[in-house]
Structure formats: C-alpha cells, structure tokens
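In case you want the letters, here they are:
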Amino acid sequence: MAENALAFSSVDVAYRIRGTARKVLRGLSFHIKRGEAYGLVGESGCGKSTAAFAAVRYLPRNGEVAAGRIEVNGQDLMSMGARELRSLRQTTVAMVYQDPSRALNPSMRIGRQIAEIFELGGLARGQAMSRSAEMLDRVRISDPQRVMERYPHQLSGGMQQRVAIAMALARNPALLILDEPTTGLDVTVEAEVLDLIEKLRFEFDTAILFISHNLAIVARLCERTGVLYAGRLVEEGPTLRLFESPRHPYTVGLLRCLPRPERRKSVARLDTIPGFPPAPGAAPPGCIFTARCALATERCRLEEPALIDIGGRFSRCHYHALAGDLPRIEPALAAAPAEATAGGPILRIENLSKTYRVGDHALAALRDVSLDLLQGETLGLVGESGSGKTTLARSLLGLTAADPQSRISMNGRTLPPRIGGRAPEDVKALQIVFQNPDSALNRSHAVRRLIGRAIAKLAGLGGAALQERLLALTRSVQLPDRYLPQKPRALSGGLKQRVAIARAFAGEPKVVVCDEPTSALDVSVQAAILNLLADLQMTEAVSYIFISHDLSVVRYLADRIAVLYLGRIVEIGPAERVFHGPQHPYTAALLSAVPDIAGSQGRRIRLQGEIPSALKPPAGCVFQSRCPRKIGRICETEEPPLSEAEARHAIRCHIPPDELMPPAK
Amino acid sequence: MSDASAAPRPVSAPETTVAQERRERAGQLLSSPTFLTGAAIVVFWAACAIFGHALVPYDPLADDMLNTLLPPSREHPFGTDQLGRDVFSRVITGSRDILTVAPLATLLGTLGGTVLGLAMGYSRGIVDEVLSRIVDALLALPTVIVALLALVALGTSKITVVLVIAFGFTPIIARTVRAAVLAERELDYVAAAKLRLEGPLHIMFVEILPNVAPPILVETTVRLGYAIFTVATLSFIGFGIQPPSPDWGLSISANYGLIGGGYWWTVLFDGLAIASLVIGVNLIADGIEGVVNG
C-alpha cells in the first residue's frame, strides 16, 4: 500500500492554443495522504480544475502534462496504457463534478446507472441492483427503491448530487475528487451535502481532493489546503492555521475580500485585490503575484521565491513573515452617505402575485407580496431557488405581467403590468443588472455600442454629448477605455458585469434591480463590484432591490432584508434586526447553513427534505413541511399572518416573537 | 465560478478584439482543406462562367454539320455533339446560366426565409402558430413537382426559375432561423433591449440577427448545392434554362439518347461538371460548418 493516495511532483500542464503551448500549471507539487482531505482553492482560471483532470489523465484534447510525475496510489499515471488507465478510473479514483445533471445519463434510470458500476465489477444483475439500493441508503436517500426507478431529471439538484456521490463511492475508491460539488446548490441543500461528505469520508476512509472557490467550505472539510494562483501553488498548510494566519499576500488578500458581518456599506468598503491575474501561460521572471502585491520589492520582480518551509507549512513568498501586515487595499468611501429619505416610498408593491399555468394546474410563483422601497435604500431579497425572487424582479420590470389584482406604483403612479403599456420615463427609471452577463450582453456588439445605445435610448443623447457621457460612465464603473472596441467575449466576468452596470445606469435610473449580480464572480471581483454598487448608490441616490442567495453579500449592501420562501415573504425588516432580532425559523436555518471561514460552527440547523414544488405548496404555513420548530396542527391548517415582531420588522410565524430570538453567541 | 463540467472542454485564449476574432475565423477557414478544395472548384467554374466565352477555342453555339459526333481528339478534346458543336467549349461556357440562376434563387430564398423565421421565432403566439402551419404545409410538397406546376402555369424563363426555387427554399430556411431565434429570444439581452424601449424591428434585426447569422450562413451554402441540383434537373426536363444555351443539364437532356450508340462524350463531361460544382459547394458548406460549430 502506497503512503499517498495522490502525489503531484513538479507537474507542468500546458494547453495548446493556436499553435502555442500555454502553461496553466507550473511546477505543481502536492500530495494527499491516505484518508486525508486536501483542499485546493483559488480563483477561476488558476488551474484548479486542470489539476483535477490531470489527476485522472482526462485533460481536454489540447492539454497535456508537459513535465513532472503524477502518482495515484503509488502508480505512475503517465506511464499507464489505455487498459491500466481504465482500470484505475474504475477502481481507484472517482470524480464528482459541479453539475450533477450533466454527469448523470438523462436517458437511464438511476438504479441502472449505479448497478452498471457493480456489473462492471463482475456482479450479477440482481446483486448489482441490491448493492445499488445499499449505496443510495448510505448517501442518506430515504427511499432508495423509489429513487432507483426515477430518471435524473425527476430528482432535485441536491438529490442528483447525492446519486453522483453514491456512484463515485460505489467502487470504494482510494481517492475521491470533488470539483466544486456544491456550487450549483442552494445553501440549505449545500449544507446537507457537505454534512454527508464529511460523514462518508470516515465511513469509506477515502482520500479527498476538494476543489472549491469557497474558502469557508474548504475550512470546514479539509485537513490541509493548498492555494493556487495562476497555476502556481503559492501557499500550503494545515487548513485552520492557513486561514487564521495566512503567510502569502494572495491568501491574505483573498480572505480580506470576504464580506464580514461588521462591515457595512455605510461604514467601509470591502478590501479588494487590485489588478488582474496574469494571462494563462504568462511567466514573469519573478514572483507571479508581484503585479498585484502591495509588499512587492525589486527582489520580487527579479527572483521567484521557492516554496519556503515555515514549520510544517509552506509559502512561496520572500516576505512570508510580513504577509499578515499586508497594507489594506480598502477603497475610501466615495462620498458622504446619502441618507435614505424619510419621504414617501419611491416604489410601492401591493399584493403582487404571479401565477403560471402549467397544464391544468396553477403554479403560484409569487403570492401577495407587498413592500415599499425608499429613495436611496437597498432592499435585500433573499431566498433559495424557486422562492420567486426572479419572478418578482421580472414582474416589477414589466417583462412578465403580474396577476391582475397586483399593484405596482412608482412615485404614486400606478404602473401597467407590461413594459409596452408603461410611460417611457417609468421604464427608464426602473432598470436591472442581470445575473449572467453572458446572457445579458449581446455577444455580437462591442462594448462601446452596448453602452452607447443605452445612453442614446435612455438618456436621449447623441453625438459628442453621448461620447462624453459614455466616457464618464465607463470611468465611474472603472472600466478601462481599451475595452470599448471589444466584444463581451474578450472581457472577464467582472468586466462584463461592469458593462452591464454601466448600461443600467445610462439613463439615471431611480431603482435598479440587481439579480444576483455577483453570484458568478470570484470573491475579489465580487468585492470590487459590491464596492462599485455602494459607491454608485451614494453618488446617484439610487434605490436597489438586491436579490441574492448569499446572506453575507446581502448583509453588506442591504438596509432592509426580505426573506422569500415559496413565493411568500416570511420575514421582512431592517438588516441588523433580521440577523440579530427575532428570526423566522427559515431565516435561522439559512443563516446557520452558511459555512463560517473560522471553521467554527455554532448551532447547526438542518432542514429536512426538499423545497416543496410550488405546484403543490404545503397547506397552512408554507414552511411547515421542513420547519424544525413546528408547533403542531395549527401550522398545517392555518397560515400565520405577517405580523410585526418589533418596529418595522415583520415575521410570518405562529411562534411568539420573543421565542424566535437567535441564541446569543 | 469554475469551468468544471462533466467533460473537459478545450481551453480558448482570452483577450481577443473584434478584428482579431475575424482574422482568426478567416485563418481557420483558410487552413481547412475541405473548404479550400471546395472553394477551388467553385472559383474555377465561376471564372469559366465569366471569362469562358473569351477563352474557348470554338464558338459553343456554332454548328459544324461536317464534323458531327467526333470522338475526343486533339482538335476537339471532349469531342463534338450531333450538331458538330465543340463539347469542350460548351462545358466550359455552360456554367454561366446555372451560376446566375442558382445563387440568385438561394439568396432570395435566404432573405425570405430569414425575415419569415425571425418574425415567427420572435413573435411566437398566434403569428408563429399560423405561419408555422403554413411552412409545414409547404414543406410537405415536393420541390420539383411544385416547381414544374408553377413553371407550366407561369411560363418558363430564368426569372420564374429563380422565383420558384426561392419560394421552395423560403420555408426550409425559415424553419432553421426560427429554431435559432427561439433560443436567442430567451436571453437577457433581449429583455435589456425591451427595457431601453427598443422596437421589435430593432430587436429582431439588430440584436438577434447577428447572433443567428452563423446557422443561416451554413444553411445557405447547403441550399446552394441543392439549388444547382434543382436547376440542372429542371433544365434536363425542359423547364429550366432554355436552348440554345450550352447549359449542362440541357445538353445532357439533348444527348442522353446517344449513349446507346456509344457517343458517351456528349453526356459524360456535362455530367461531371454538374457533379463537381455540387460537390464543390458542399465542401464549402462543410468547411464553414466546421468553423462555425467547431
């Protein structure tokens, strides 16, 4: 038995792009001991997934391991023939990907898919089926027989990921590679899947390579962690020590970018990491991080530091002892905060409902949502998938027509349900930043045209005035001019989102809906975008409806928070009171599901089961089917009213407010 | 955040400007042997269509009753036909009519199909429903038979041939365009355009059209191959290009009875010419599709 489940020594991986080889991993060395969980973190493009694919020799066609040695369970991966490689993938390594719906065969029943693995191992069909049921049982699927009869699309995302994990573990692999296994899942489901992985690790005694951009998840799950930056391992060490006292400026910067409870937009901006990561394949002579490092000296520019051993942990920095004192890159507040005006609400939503017809059934995506938005205020809208967040946004904007009894009014004027019926100034006043800039920006148009057209139509400018406004706008969203002639494809995710923000602000809107604008971005980019939104709010006195599933993000930006569950508002109140005042049991569960970077978990509340379908919402309280604090029959028969638990803070629950207080820390 | 998916995708380079991207596409096309072979064949026949009359050794229309049905020789490399006309000169100049009619018909069909497809895909609802049924009905009719009927009714001329083929292509292209538009209209950039008060015409032609151009381009080249085929067929049965044009289909029609007598050269070279042109166009289509979907 080999000592290491996986060992990389000085591995280079290169992709051949238009004839030139670009190295995306350079001299990567790390090992994972048997039964150990190792986390690999870093931002997109740093080579995490490439490392995972290299570990099973499954690189894309244009990629190759150019140098170095990879050993899985003591066997040299690079010298293996096709047959050996296949048997290795069959018995020794297993991989779970980010998107389970793409990893499962859509035309095969779950039972067959899992049984196939056992049949390959030589079991008879009947035996294979019973082993499959056993596996599903071990991944805590309560009714294996029924699930085995299903096709993948009939299962929820969380269920699919459990099945994928069951399939990976079916062969009892020595090494399990998890590549962002919970990134596409809702927070409460993510928490469940992570619990499961944590337990299974010990049951199966499998070594884990855990790849994630989410530092908090890695902190919770992994014994040791490596930080990748531009294909280089820049720091490695025991997870908790690494996150407590990082010794590389990049790790320090990464940790500081995370929004933290005490930071609020009115008090401070989030730390960012200035600049951009180098293009893939770039190899400056010195330290790879020099261009973005506040500690960098002449020595860093000329001489690449080795991975320095500092007592059981490693840092690739000449000044690792100083890393903790990295000067803060914390942009100053752009202007004095404009107070939310005490006047009447700028936007008022009354009894907003949206019912879709699905065959003969009515699907209530939103039910009786009422809320006000003041000028210059940010309302955070929190909820998991299927809660109706996006429906609310689209109905507000008039992209889908709300049900007839709904009323949306702006500055006292009632808005017709559809854009077509609305007055141009009302359409201009209500804009949106979409979640996915790839879909929101026309890929055929250059950036100049994307923003310019919005200025022409929304601000009614032309000629020199338009050009002037264009430059002012790109400057205020910090988009360098050289990107103006380029198409969105050439821009990074953060830059694309800046273009989308510039476009939304082209006509001096009153209300901007931000639909998860940072959910696809890296933490350092997310911090910069959140800072930008906060700055724009101060200078433009705009109100935001900020939709997100990430509570820490909402907390930074929101003045008030509304929590949505199955199309119902279950709680609404000032941001601080939602976190520290009485809480709806669902809010409490959401908060406790968010992993904490310190690795310390307070009281964990885990929700049972799946979010019910909006086609068949539970009778009584919408949350009763999953509520850990259900008090009895009344929850199933009678829907609680949204009643004031304290001033301006309303909760929809039968439990009296003073029993809903969160436990003191 | 990570690009992980069930199968690793080839990694592409970031940071390309519009001009670079265009150059890159062109470069890919020019390094595709399929495209180059096809282009060489088509360019050859196009050059023949334009300059052929000035270059050929004999007048393709001139009878020579003393030298009928001569086999290939030094003076007549492809022999002569039953009126003593030089087959080589006729084959070389015979591409002129077909290379005017077929591309024109394809272009017109693409134009009609694109407008129709955009309208169907973007409007959806009742407009789409009605137009789609009409398109389905049209697609159920066999092109050549409809073309025949129309030509009988309208009388044969190059313009009617162009119109008839374009009419046959419109529903086919409309369906391709509609499918592409259906996917595009759900993207948020369309919603963003509505939110800045753009009209439907702007959204269809300025926002959506450039994004559905690649499948339209592929479909058009494929159609061009079919158009050449159809024109040749119509000429063969007497409803396409009219005598005395040296058109290939027409020549085969006039001479195919002679094969039995051993006069193969009166038909073979015209047949090869048609085949090579269709193959050339299809190779171009393959090359373009490879780059577009590659």
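Everything numeric here is computed off the predicted structure, so don't read it as measured data. (Residues numbered from 1 in each chain as written. Chains lettered and ligands numbered in written order. Predicted model: local features only at pLDDT ≥ 70, side-chain atom pairs only at ≥ 80, totals over all residues.)

Some thoughts on the overall build of chain B
The secondary structure content of chain B amounts to eleven helices and zero strands. Element order for chain B, N to C, with α for helix and β for strand: α-α-α-α-α-α-α-α-α-α-α. If one aligns the C-alpha atoms of chain B with their principal axes, the spans along those axes are about 80 × 45 × 35 Å. For chain B, the proportion of its 294 residues judged to be buried stands at 44%. Sequence separation of 24 or more characterises 72% of the internal contacts of chain B that already satisfy a separation of 6 or more. (Helix = DSSP H or I, 4+ residues; strand = E, 2+ residues; numbered from the N terminus. Buried ≥ 20, exposed ≤ 12 C-beta atoms within 10 Å, placed from the backbone. Contact = placed C-beta atoms within 7 Å.)

A few points about the packing of helix α4 (residues 110-120) of chain A against helix α7 (residues 157-169) of chain A
Residues and elements named next belong to chain A. Two elements in contact, α4 and α7, have axes whose closest approach is 9 Å; the angle formed by their N-to-C orientations is 20°. One way to sum up the angle between α4 and α7 is to call them roughly parallel. Crossing of α4 against α7: the hand is right-handed. Of the residues in α7, those touching α4 at Ile110, Gln113, Ile114 and Ile117 are Val163, Ala166 and Met167. Considered class by class, the residues forming the contact of α4 with α7 number six nonpolar, one polar and no charged. (Axes fitted to C-alpha atoms, helices over the stretch in contact; angles between N-to-C directions. Parallel < 35°, antiparallel > 145°, perpendicular 65-115°, else oblique. Left-handed = near helix turned anticlockwise from the far one by under 90°. Nonpolar A, V, L, I, M, F, W, Y, C, P; charged D, E, K, R; others polar.)

What to know about the sheet that holds strand β16 (residues 407-410) of chain A
Residues and elements named next belong to chain A. Across the sheet, four strands lie side by side as β14-β13-β16-β17; this open sheet has antiparallel pairing. This sheet does not close on itself; its edge strands, each paired only once, are β14 (361-373) and β17 (413-414). One ladder, built from nine bridges, connects strand β13 (residues 347-358) with β14; its direction is antiparallel. Across the sheet, the residue bridging to Val358 is His361, located in β14. Most of the contacts of helix α13 (residues 389-397) go to β14, to which it runs at about 70°, and overall it touches β13, β14 and β16. (Pairing = 2+ DSSP bridges.)

Topic: the packing of α4 of chain A against helix α5 (residues 125-138) of chain A
Residue and element names in this part refer to chain A. Contact geometry for α4 and α5: axes closest at 8 Å, N-to-C directions at 115°. Our pair here, α4 against α5, has a crossing hand that is right-handed. Across the interface between the two elements, Gly111, Ile114, Ala115, Phe118 and Glu119 of α4 pack against Arg125, Ala128, Met129, Arg131, Ser132 and Met135 of α5. Grouping the amino acids of the contact of α4 with α5 by side-chain chemistry returns six nonpolar, two polar and three charged.

Focus on the domain arrangement of chain B
All names here are of chain B. Under the domain assignment, chain B is made up of domain 1 (25-94 + 246-294) and domain 2 (99-242). Inter-centroid distance (C-alpha atoms) of domain 1 to domain 2 is 29 Å. Contacts between domain 1 and domain 2 engage 19 residues on the former and 18 residues on the latter. Breaking the side of domain 1 that touches domain 2 down by element, the ones donating at least two residues are α2 (33-55), α10 (248-255) and α11 (265-293). When residues in the side of domain 1 that touches domain 2 are grouped by element, the largest group, ten residues, is from α11. Among the residues forming the side of domain 1 that touches domain 2, the class breakdown is 14 nonpolar, three polar and two charged. (Domains from an automatic or database assignment.)

Regarding the confidence of the model for chain A
Where the model shows low pLDDT, its predicted coordinates should not be examined in detail. Looking at chain A, pLDDT values average 88 and 97% of them are 70 or higher. Per-element confidence in chain A ranges from a low mean pLDDT of 84 for helix α3 (residues 100-103) of chain A to a high of 96 for strand β18 (residues 430-433) of chain A. (pLDDT = per-residue confidence, 0-100.)

Let's talk about the pairing of β13 of chain A
Residues and elements named next belong to chain A. Joining the antiparallel neighbours β13 and β14 is a turn of two residues, in which Gly359 adopts a positive phi near 60°. As paired elements, β13 and β16 share four bridges and run antiparallel to each other. Opposite Glu350, over in β16, you have Arg407 as the bridge partner.

Observations regarding α4 of chain A
All names here are of chain A. Every buried residue of α4 is accounted for by Ile110, Ile114, Ala115, Ile117 and Phe118. Down the axis, α4 shows its buried residues gathered within 145° of arc, on one side only. Positioned one or two residues after α4, Gly122 has a phi angle of 105°, which is positive. (Arc of directions from axis to C-beta.)

A look at helix α17 (residues 463-476) of chain A
All names here are of chain A. Given a rise of 1.5 Å per residue, 14 residues ought to cover 20 Å, and the 20 Å separating the end C-alpha atoms of α17 matches this to within 8%. Buried within α17 are the following residues: Leu470, Leu473 and Thr474. Buried residues in α17, looked at end-on, bunch into an arc of 95°, giving them a common side. What points out from α17, more than 90 degrees from its buried face, is the exposed set Ala464, Ala465, Glu468, Ala472 and Arg475. Close packing links the buried residues of α17 with α16 (447-459) and α18 (493-504). Immediately beyond the C-terminal end of α17, within one or two residues, lies Gln478, with a positive phi of roughly 55°. (Expected span 1.5 Å × (residues − 1).)

Regarding the environment of Leu85 of chain A
Residues and elements named next belong to chain A. You can see Leu85 is positioned in helix α2 (residues 82-91). By C-beta crowding, Leu85 is classed as partly exposed, having 14 other C-beta atoms within 10 Å. Once the C-alpha coordinates of Leu85 and Val56 are considered, the two residues, 29 residues apart in sequence, prove to be 8.3 Å apart. The contacts of Leu85, once residues within four sequence positions are left out, are Arg57 and Met80.

A word on unusual backbone geometry
Omega for the bond connecting Pro243 of chain B with Pro244 of chain B falls within 30 degrees of zero, at 10°, which places this linkage in the cis form. Inspection of the secondary structure puts Pro244 of chain B in the loop between α9 (200-236) and α10. One non-glycine residue, Arg57 of chain A, lies in positive phi territory at about 50°. Tracing the backbone through its elements, the reader meets Arg57 of chain A in the loop between α1 (48-55) and β4 (63-72). Residue Arg57 of chain A is classed as partly exposed on the basis of its C-beta count, with 17 C-beta atoms lying within 10 Å. Of note, the phi angle at Asp368 of chain A is positive, near 50°, even though the residue is not glycine. Looking at the secondary structure, you find Asp368 of chain A in strand β14. Asp368 of chain A sits in the partly exposed class, given 16 other C-beta atoms within 10 Å.

What about the confidence of the model for chain B?
Looking at chain B as a whole, its pLDDT mean stands at 89, while 94% of the residues score no less than 70. Low pLDDT, under 50, characterises residues 1-15 of chain B; the predicted model gives this stretch 46 contacts beyond four residues in sequence or across chains.

Description of the environment of Asp179 of chain A
All names here are of chain A. Mapped onto the elements of the fold, Asp179 is located in strand β7 (residues 175-179). Judged by C-beta crowding, with 24 C-beta atoms within 10 Å, Asp179 ranks as buried. Residues Asp179 and Leu40, 139 residues apart in the sequence, show an inter-C-alpha distance of 9.5 Å.

Some details on the sheet that holds strand β11 (residues 308-309) of chain A
Residue and element names in this part refer to chain A. In spatial order, the strands read β6-β7-β8-β3-β9-β10-β12-β11; together these eight strands make up an open sheet with mixed pairing. The open sheet terminates on both sides in strands that have one partner only, identified here as β6 (93-96) and β11. For strand β10 (residues 232-238) and strand β12 (residues 314-315), the ladder comprises two bridges, and the chain directions are antiparallel. For Glu235, the partnering residue across the bridge sits in β12 and is Ser315. Relative to the sheet, α1 contacts β3 (37-41), β6, β7, β8 (207-212) and β9 (224-229), its axis offset from that of β8 by approximately 150°.

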